[in-house]
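So the chains spell out like this:
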Amino acid sequence: MPPAPVAAGAVTEIPSAASCFELEGLSLAYGDTPALSNLTLRIPRQRVTAFIGPSGCGKSTLLRALNRLHDLNEDVQRQGHIRLEGQEIHAPEVVVAELRRRVGMVFQTPNPFPMSIYENVAFGLRLQVAMKKRQRDEVVEWALQSAALWDEVKDRLYDSAWSLSGGQQQRLVIARTLAVQPEVLLLDEPASALDPISTLKIEELIRSLKSRLTLVLVTHNMQQAARVSDYTAFLHGGELIEYAATDTLFTNPRLARTENYITGRMG
Ligand SMILES: Nc1ncnc2c1ncn2[C@@H]1O[C@H](COP(=O)(O)OP(=O)(O)OP(=O)(O)O)[C@@H](O)[C@H]1O
């Protein structure tokens, strides 16, 4: 009998009840070009899961599928299931704006809006609910505290967001996302444009946030995946090659392909 696919280990290792996302047979193509092939995996709740793999292996495509960012691209063909807390995210009753509130996304380059620090964080709140100013002030402070930025900006809340450093801007974007109380934070190489000190702050923040939400991180930086994630999925050519607890994947990978990648023998 052929050996069971290694990636399927992740399905048994992470029980369904502890999963936030469950992906089953997910394939995705841009027109005729396949980008993800038949992925089945569970993403555990209130943990950090990293997607690693060489350039073009499908990490960002997978991350974007989790909050339906591909909806905007008419060329994208998708098959299979993505369930969030048991509900298919493509079901007709799912409101995409609400899905994206629940599943927030932070990109590689910080993208604060051209407005004040305060207004950046209040932006999503204003779209969602009518709130008294005092209540909004409280949420803005809470979100900035949660993003470990409050102490640095509390005396300049009405300055332009663009007056902040790149690392501060990225934490502001995280605060803006946290303000609407997401369950999941998707992070697409959130520190790759930042200096080492700002990178460490983002990594500390990621670790601190998992007590209250699920984080999914795409990174090229293997040390970063090892430092911050609980589980790591290695992708190659759009396939899920190996998925395991991060310590296991980095110290005792089951497949030579994984070992070659994490030791730098495959780029
Ligand atoms: N909008 C798009 N249209 C067509 N093809 C795309 C598009 N986005 C990505 N691709 C292709 O899909 C494949 C997977 O790309 P993806 O960006 O998901 O990889 P990645 O692992 O995140 O790469 P990187 O580490 O370089 O960011 C690649 O072959 C890429 O060229």
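About the thresholds
Residues numbered from 1 in each chain as written. Predicted model: local features only at pLDDT ≥ 70, side-chain atom pairs only at ≥ 80, totals over all residues. Heavy atoms only, no water. Helix = DSSP H or I, 4+ residues; strand = E, 2+ residues; numbered from the N terminus. Rg over C-alpha atoms; globule rule 2.2 N^0.38 Å. Contact = heavy atoms within 4.5 Å. Areas by Shrake-Rupley, 256 points an atom, 1.4 Å probe, with all protein chains shown as cover. Lys, Arg positive; Asp, Glu negative; His and termini not counted. Charge placed at Lys NZ, Arg CZ, Asp CG, Glu CD. Pairing = 2+ DSSP bridges. Axes fitted to C-alpha atoms, helices over the stretch in contact; angles between N-to-C directions. Near = heavy atom within 4 Å. Polar contact = N/O pair within 3.5 Å; in protein donor to acceptor, adjacent residues only side chain to side chain. Nonpolar A, V, L, I, M, F, W, Y, C, P; charged D, E, K, R; others polar. Parallel < 35°, antiparallel > 145°, perpendicular 65-115°, else oblique. Left-handed = near helix turned anticlockwise from the far one by under 90°. Buried < 20%, exposed > 50% of the residue type's maximum accessible area, 1.4 Å probe, protein only. Core = buried A, V, L, I, M, F, W, Y, C linked by side-chain atoms within 4.5 Å.

An unreviewed UniProt entry annotates the protein as Phosphate ABC transporter ATP-binding protein PstB of Litchfieldella rifensis.

Here we take up the overall build of the protein. When helices and strands are counted, the protein shows eleven helices and ten strands. Relative to the 2.2 N^0.38 estimate, which gives 18 Å for 267 residues, the radius of gyration of the protein is 19 Å and therefore close to what a compact globule would have. Dimensions of the protein, computed from C-alpha atoms along their principal axes, come out at roughly 65 × 45 × 35 Å. When contacts within the protein are restricted to residue pairs at least 6 apart in sequence, long-range pairs at least 24 apart make up 68% of them. Per element, the accessible surface of the protein, about 12,500 Å² overall, is 51% carbon and sulfur. Where the 28 positive side-chain charges of the protein centre and where its 30 negative ones centre are 4 Å apart.

Next up on the list: the sheet that holds strand E6 (residues 103–106). With mixed pairing, the six strands of this open sheet are ordered in space as E6-E7-E8-E3-E9-E10. If you trace the sheet from one side to the other, it starts and ends with E6 and strand E10 (239–245), each paired once. The average undirected angle you get between the axes of adjacent strands in this sheet is 15°. Here five bridges tie strand E7 (residues 184–188) to strand E8 (residues 214–218), and the two strands are oriented parallel to one another. Directly across from Asp188, in E8, lies its bridge partner Val218. Strand contacts of helix H7 (residues 166–178): E6 and E7, with the helix running at about 170° to E6, the strand carrying the most contacts. Sitting on the sheet, helix H8 (residues 196–209) is in contact with strand E3 (48–52), E7 and E8, with an inclination near 145° to E8.

We now examine the site of the ligand. Taken together, 13 residues form the shell around the ligand, and within it Ser55, Gly56, Lys59, Thr61 and His220 come nearest. One of the backbone nitrogen or oxygen atoms of Gly58 is found 3.1 Å away from an oxygen atom of the ligand. Here the ligand, which alone exposes 630 Å², has 59% of that area covered by the protein. For the shell around the ligand, a count of residues per class yields four nonpolar, seven polar and two charged.

Take the packing of H7 against H8 next. Helix-helix packing: each pair is described by the crossing angle between the helix axes and the interaxial distance. Between H7 and H8, the least distance of the axes is 9 Å, while the angle of their chain directions is 20°. The orientation of H7 with respect to H8, classified from their angle, is roughly parallel. In the crossing of H7 with H8, the sense of the turn from one axis to the other is right-handed. Here Gly167, Gln170, Arg171, Ile174 and Leu178 of H7 lie close against H8, whose contacting residues are Ser198, Lys201, Ile202, Leu205 and Leu209. The residue makeup of the contact of H7 with H8, split by class, is five nonpolar, three polar and two charged.

Here Thr232 is to be found in strand E9 (residues 231–236). Assessed through its relative accessible area of 0%, Thr232 is described here as buried. Within the structure, Thr232 has its side chain in polar contact with the side chain of Ser229 (distance 3.2 Å). Once residues within four sequence positions are removed from consideration, Thr232 is found in contact with Ala50, Ile52, Glu242, Tyr243, Ala244, Thr246, Leu249 and Phe250.

Looking at where Tyr261 falls in the secondary structure, it is placed in helix H11 (residues 256–262). C-alpha of Tyr261 to C-alpha of Val216: the two residues are 45 residues apart in sequence and 20 Å apart in space. One polar contact links the side chain of Tyr261 to the main-chain carbonyl oxygen of Gly53, over a distance of 3.1 Å.

Grouped together as the largest cluster of nonpolar side chains are 37 residues, with contacts concentrated most on Leu144, Ile174 and Leu185. Those elements that provide at least two residues to this core are helix H4 (117–128), helix H5 (133–146), helix H6 (150–153), H7, E7, H8 and E8. The residues touching Ile174, leaving out its near neighbours within four places in the chain, are Val106, Ala147, Leu185, Leu187, Ile202, Leu205 and Leu209. One finds Leu23, Leu28, Ala91 and Leu240 within the second-largest nonpolar core, a separate group that totals 36 residues.

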